[in-house]
Amino acid sequence: MSGTNGIRDRAAGWVVALHEAGEAERAELERRCQAWQAEDERHRRVFHEMRTLWDGLMPERPRRARAGVLVVWLLIGLIAWQLPWTLWRGDAHTGTGERRVLVLDDGSRLTLDADSAVRLTLNADLRRVRLLRGRLFVKVAPDANRPFQVVTRHGTAEALGTEYSVTLEDEHTRVAVRESSVRVIPAAKPAAARVLHAGEGATLTRQRTDTPAALTPGRFDWLDGRLVFNDAPLEDVLARLSRHRPGWLLASPALPSELRFTGVLPADDSERALAVLADALPVRVRRLTPYVVWVD
């Protein structure tokens, strides 16, 4: 789980875990929490924000009641943090758990994944899709006179007659090509452009494009409403699944790091997906509120 929202999720998980821990496990949890904070200054800052929120709650409440109040306030904070400013700026968007297919005026087909937004520029000289949030897949209609570009804050993925996906994350953009090829151009260093071919993907930042690599199986699974995992860490599984359900899906930091999952989960039925995980792995799924789920 990466990016600002992932850090907030993990910090919230540490706060809840430390306050629900028994004496036998508290010391080890505190040691691991300190190590996590030391990894990145953002970890330390966000954890202390969350702990301050906890400490500000009514101290005379029983621990379980305080945990309930905490997750409600954390949910309110998440909603405030993720107010869809980018969505309101976009020409098209999707909500949590929603996919949408757009047919553009040139015949190109654009599929938006859950929690995504785009702004469109279609004129006589150019076809440009600015990805403001989330992920998209595009099947480009041929038009020799008008380039087709997907643009993020990190750079541009320009079609060379193709099908490809673009995913916007906090610190980079991921491009994956299913058919034909794509030119990937860093925003601050156009000379570092690379061409990706079918079956390849790369990570794009403002300064560089990483070396193209073969795509892992299931890279386009979300188009069919499936989430395919091959020996994936449980944390990554929950991060992907959280895009397809409202509220927070939090993992206890006390979960063993070696927990991994191989299988297929339904993107359109997160409750069934959680049931599959609980059956396949030694974990428990607890619903602290209808919008806050805790996996431990």
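Along every chain, residues carry numbers that run from 1 in the direction the sequence is written. For this predicted model, a pLDDT threshold of at least 70 governs which residues receive local features, and a threshold of 80 or more governs which side-chain atom pairs are given and counted, while totals over whole chains, interfaces and linings are taken from all residues. Hydrogens and water are ignored here; the side-chain numbers use all heavy atoms of the structure.

**Q** Just to check I follow, could you spell out the environment of Ser252 for this structure?
**A** Here Ser252 is to be found in the loop between strand E16 (248–251) and strand E17 (260–266). Assessed through its relative accessible area of 8%, Ser252 is described here as buried. In DSSP terms, a helix is any run of H or I states spanning at least four residues, a strand is any run of E spanning at least two, and both are numbered starting from the N terminus. Relative accessible area decides the class of each residue, using a 1.4 Å probe on protein chains only: under 20% of the type maximum gives buried, over 50% gives exposed, and in between gives partly exposed.

**Q** Looking at this structure, how should I read the packing of helix H6 (residues 234–242) against helix H7 (residues 270–280)?
**A** The description of two helices packed together rests on the angle between their axes and the distance between the axes. Note on method: axes are straight lines fitted to C-alpha atoms, helices fitted across the in-contact stretch only, with angles between N-to-C directions ranging 0 to 180 degrees. Closest axis-to-axis distance for the H6/H7 pair is 11 Å, and the angle between their directions is 170°. Relative to H7, the element H6 lies roughly antiparallel. Mapping the contact onto sequence places Leu234, Val237, Leu238 and Leu241 in H6 and Ser270, Ala273, Leu274 and Leu277 in H7. All amino acids are sorted into three groups, where Ala, Val, Leu, Ile, Met, Phe, Trp, Tyr, Cys and Pro are nonpolar, Asp, Glu, Lys and Arg are charged, and the leftover types, Gly among them, are polar. Among the residues making up the contact of H6 with H7, the classes are represented as 7 nonpolar, 1 polar and no charged. Note on terminology: angles under 35 degrees are roughly parallel, angles over 145 are roughly antiparallel, angles of 65 to 115 are roughly perpendicular, and the others are oblique. Residue contacts are counted whenever heavy atoms from the two residues lie within 4.5 Å of one another.

**Q** What's the story with the environment of Ala117 in this structure? I'm lost.
**A** Among the secondary structure elements, Ala117 is positioned in strand E4 (residues 117–122). Sequence spacing of Ala117 and Val129 is 12 residues, and the spatial spacing of their C-alpha atoms is 10.0 Å.

**Q** Would you mind going over the sheet that holds E16 with me for this structure?
**A** Two orientations exist for strands paired in a sheet by backbone hydrogen bonds: parallel and antiparallel. DSSP bridges decide pairing: two strands pair if at least two such bridges lie between them. With mixed pairing, 3 strands are arranged side by side in an open sheet as E16-E19-E18. With partners counted over all chains shown, the strands left at the sheet margins are E16 and strand E18 (285–289), one partner each. On average, adjacent strands in this sheet sit at an angle of 25° to one another, irrespective of strand direction. The pairing of E18 with strand E19 (residues 292–295) spans 4 bridges and is classified as antiparallel. Note on E19: the bridge partner recorded for Val285 is Val295.

**Q** Please explain the side chain of Glu158 as it appears in this structure.
**A** Inspection of the secondary structure assignment puts Glu158 in strand E8 (residues 155–159). You can call Glu158 buried: its relative accessible area is 15%. Side-chain atoms alone can form a polar contact between residues adjacent in sequence; in general such a contact is a pair of N or O atoms within 3.5 Å, and within protein one must be able to donate a hydrogen while the other accepts it. Reaching out from Glu158, the side chain makes a polar contact with the side chain of Gln149 at a distance of 2.8 Å. Dropping the residues within four chain positions of it, Glu158 is found in contact with Pro147, Phe148, Gln149, Tyr164, Val182 and Arg183.

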